[in-house]
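So you can see what is in the structure, the chains are spelled out below.
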Amino acid sequence: QVQLVESGGGLVQPGGSLRLSCVASGSIYGISGMGWYRQAPGKQRELVAAISTGGSTNYADSVKGRFTISRDNAKNTVYLQMNSLKPEDTAVYYCNADVWARGTMNYSPYWGQGTQVTVSS
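Thresholds applied
Residues numbered from 1 in each chain as written. Predicted model: local features only at pLDDT ≥ 70, side-chain atom pairs only at ≥ 80, totals over all residues. Heavy atoms only, no water. Pairing = 2+ DSSP bridges. Helix = DSSP H or I, 4+ residues; strand = E, 2+ residues; numbered from the N terminus. Axes fitted to C-alpha atoms, helices over the stretch in contact; angles between N-to-C directions. Buried < 20%, exposed > 50% of the residue type's maximum accessible area, 1.4 Å probe, protein only. Contact = heavy atoms within 4.5 Å. Phe/Tyr/Trp six-rings, centres within 6.5 Å; stacked < 30°, edge-to-face > 60°. Lys NZ or Arg CZ within 6 Å of the ring centre and 35° of its normal.

Looking now at the sheet that holds strand β1 (residues 2-7). Taken together, 4 strands build an open sheet; the order of strands is β1-β3-β8-β7 and the sheet is antiparallel. Across the chains shown, the open sheet's two edge strands, defined by having one partner strand only, are β1 and β7 (67-72). Strand-to-strand twist across the sheet, computed as the mean angle between neighbouring axes with direction ignored, equals 15°.

Turning to the pairing of strand β9 (residues 91-101), a few remarks are in order. Judged by how many residues are buried, β9 sits mostly within the fold: 8 of 11 residues are covered. With 9 bridges joining them, strand β4 (residues 28-39) and β9 adopt antiparallel strand pairing. Residue pairing in the sheet places Tyr-37 in a bridge with Tyr-94 of β9. Here β9 pairs with strand β10 (residues 107-111) via 5 bridges, running antiparallel. The partner of Val-99 across the bridge, within β10, is Ser-108.

Glancing now at the pairing of β4. With 5 bridges joining them, β4 and strand β5 (residues 46-51) adopt antiparallel strand pairing. Within the sheet, the bridge partner assigned to Tyr-37 lies in β5 and is Leu-47. Connecting the antiparallel pair β4 and β5 is a turn made up of 6 residues, with Gly-42 showing a positive phi of about 80°.

A separate point is the environment of Tyr-94. Position of Tyr-94 among the secondary structure elements: in strand β9. The class for Tyr-94 is buried, based on a relative accessible area of 14%. Excluding residues that lie within four positions of it along the chain, Tyr-94 makes contacts with Glu-6, Gly-35, Trp-36, Tyr-37, Gln-39, Arg-45, Trp-111, Gly-112, Gln-113 and Gly-114.

Bringing unusual backbone geometry into the picture now. Where the residue is not glycine, phi is negative for most of them; where a peptide bond is considered, it is trans in most cases. Not every positive phi belongs to a glycine, and Asn-76 is a case in point at roughly 50°. Along the chain, the position of Asn-76 falls in the loop between β7 and β8 (77-82). For Asn-76, a relative accessible area of 25% puts it in the partly exposed group. The residue Ser-84 is not glycine, and still its phi comes out positive at about 50°. Looking at where Ser-84 falls in the secondary structure, it is placed in the loop between β8 and β9. By relative accessible area, which is 40% here, Ser-84 ends up partly exposed.

What follows concerns the packing of aromatic side chains. Taken as a whole and judged by the stated rule, the model has 3 aromatic pairs. Judged by centre distance (5.9 Å) and plane angle (55°), the ring pair of Trp-100 and Tyr-107 falls under tilted. Each member of the aromatic cluster is reached from another via a ring pair, and the members are Tyr-29, Trp-100 and Tyr-107. The ring of Trp-111 has Arg-45 lying over it, and the distance from NZ or CZ to the ring centre is 4.7 Å.

Structural measurements only, silent on function.
Structure follows, in structure tokens:
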């Protein structure tokens, strides 16, 4: 079994910062792309940022210049540094990873349980 566990969410004032972490564990042969999505109440889940095994990144236009995604392949961990947070960043943030699990033939997407980020004064 493969699990993705996020941490680092919370309540922060506008202009503040938070760092999210997501660790993949279990019977893993390898991990390719990793990313962060978010879902605000009444809205569809959207991609925030993604990073390839080699470190190539892409970001939603709404977070460019404020958020930074990174990963530690040795620790099967992906991070999201969020700076200059705005109230519109409030959402549940989900970690996603394409994982090749032992006993399977290819990569499959896995999701974390989500962590709440609230930006409010």
